[in-house]
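Each chain, written out:
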Amino acid sequence: MKRAVLVHGWDGGPDQDWFPWLADELKSRGYEIVAPQLPVPEEPRKERWVPALAEAVGTSNTETFFVGHSMGCQTILRYLETLSERGTVGGALFVAGFLHTIRNLENARDEEIGRSWTDAPLNLTHVRSLLPKSIALFSDNDQWVTLDNTAAFEEGLGSEIVVEHQRGHFTEEIEPSVLAAALRLLA
């Protein structure tokens, strides 16, 4: 059975923003939904989030698709990096994801948390070898994720890049551009 693994972002949860709506849309199309609540969402740390995602996913296969938002995208990438060369997935949708640049963090603690992710090496060659298809969705007015991240996703992961106009950080409860990108990925 096809599975969609929905990975929330910083200070979020599977019951916030467009995640419940997307889960319902994908369930109606026959997908099993895995949507873990990652630990201590207000202080996302790789050493907590990546193992929690791995536990929620269990064994992945070519019918396992990931949809991440913001810090959830980093979490997916770090999870994929832990898979062996025989590990397989169907693909990933990165919504407002970042690889190297995140801005406008509120204080020194948040800046340290952000750098702990962006400054840590990530083996994009290995991740790309495991990721047969990916789409990276950005907005031209995102307050945290800059459009210079598009090149990193396109060049580093071979992602199809979609830039939406005036969608902010994609935090609306119902986000039609997320569904459109998800359906293209899952088709």
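See the structure shown above.
The structure presented is a predicted model; accordingly, all values stated were derived computationally and were not measured. (Residues numbered from 1 in each chain as written. Predicted model: local features only at pLDDT ≥ 70, side-chain atom pairs only at ≥ 80, totals over all residues. Heavy atoms only, no water.)

### Digging into the packing of helix 1 (residues 19-27) against helix 7 (residues 176-186)
Quick reminder of the rule: What counts as an axis is a line fitted to C-alpha atoms, over the stretch in contact for a helix, and the angles between N-to-C directions run from 0 to 180 degrees. Only runs of H or I of at least four residues qualify as helices and only runs of E of at least two qualify as strands under DSSP, and these elements are numbered from the N terminus. Take the far helix as the reference: if the near one is turned anticlockwise from it by less than a right angle, the crossing is left-handed, and if turned clockwise, right-handed. Residue contacts follow a heavy-atom distance rule, with two residues in contact if any of their heavy atoms lie within 4.5 Å. Only Asp, Glu, Lys and Arg are considered charged in this grouping, and only Ala, Val, Leu, Ile, Met, Phe, Trp, Tyr, Cys and Pro are considered nonpolar; every other residue, Gly among them, is considered polar.
With their axes 11 Å apart at the nearest point, helix 1 and helix 7 run at an angle of 35° to one another. In this structure, the crossing between helix 1 and helix 7 has a hand that is right-handed. Across the interface between the two elements, W21, L22, E25 and L26 from helix 1 touch P176, V178, L179, A182, L183 and L186 from helix 7. Looking at the contact of helix 1 with helix 7 residue by residue, the class counts come to 9 nonpolar, no polar and 1 charged.

### Overview of the packing of helix 2 (residues 46-57) against helix 3 (residues 71-82)
The criterion, for reference: An angle counts as roughly parallel when it lies under 35 degrees, as roughly antiparallel when it exceeds 145, as roughly perpendicular when it falls between 65 and 115, and as oblique in every other case.
Close contact between helix 2 and helix 3 brings their axes to 9 Å; oriented N to C, the two are set at 70°. Classified by the angle between their axes, helix 2 and helix 3 sit roughly perpendicular to one another. Remark: the crossing between helix 2 and helix 3 carries right-handed chirality. Of the residues in helix 3, those in contact with K46, W49, V50, L53, A54 and V57 of helix 2 are M71, T75, I76, R78, Y79 and T82.

### Points about the packing of aromatic side chains
Stated formally: Two rings from Phe, Tyr or Trp (for Trp, the six-membered ring) form a pair when their centres sit within 6.5 Å of each other. Planes less than 30 degrees apart are called stacked, planes more than 60 degrees apart edge-to-face, and all others tilted. Categorising residues by exposure relies on relative accessible area from a 1.4 Å probe, with only protein chains included: less than 20% of the type maximum marks a residue as buried, more than 50% marks it as exposed, and the intermediate range marks it as partly exposed.
What the rule picks out here adds up to 6 aromatic pairs. Where F66 meets Y79, the ring centres are 5.6 Å apart and the plane angle is 45°; that geometry is what we call tilted. Here F66 is found in strand 3 (residues 64-69), whereas its partner Y79 is found in helix 3, with 13 residues between them in sequence. Accessibility expressed as a relative area gives 0% for F66, which makes it buried. Site record: aromatic cluster; members linked through ring pairs are F94, F138 and F153.

### Topic: the pattern of salt bridges
The condition is simple: In what follows, salt bridge is the name for a side-chain nitrogen of Lys or Arg lying within 4 Å of a carboxyl oxygen of Asp or Glu.
Within this structure, the stated rule accounts for 7 salt bridges. For R45, the salt bridge goes to E43, with nearest N and O atoms at 3.3 Å. Judged by relative accessible area, R45 falls into the buried class, the value being 13%. Across the pair E43 and R48 runs a salt bridge, and its minimum N-O distance is 3.8 Å. Assessed through its relative accessible area of 24%, E43 is described here as partly exposed. Take R48: its relative accessible area is 30%, and that puts it in the partly exposed class.

### Considerations on unusual backbone geometry
Unlike most non-glycine residues, D11 shows phi in positive territory, near 60°. Mapped onto the secondary structure, D11 falls in the loop between strand 1 (3-7) and helix 1. At Q166, a position not held by glycine, the phi torsion is positive, near 60°. Inspection of the secondary structure puts Q166 in the loop between strand 6 (160-164) and helix 7. Given the relative accessible area of 46%, Q166 is considered partly exposed.

By themselves, these are just geometric observations and shouldn't be taken as functional.
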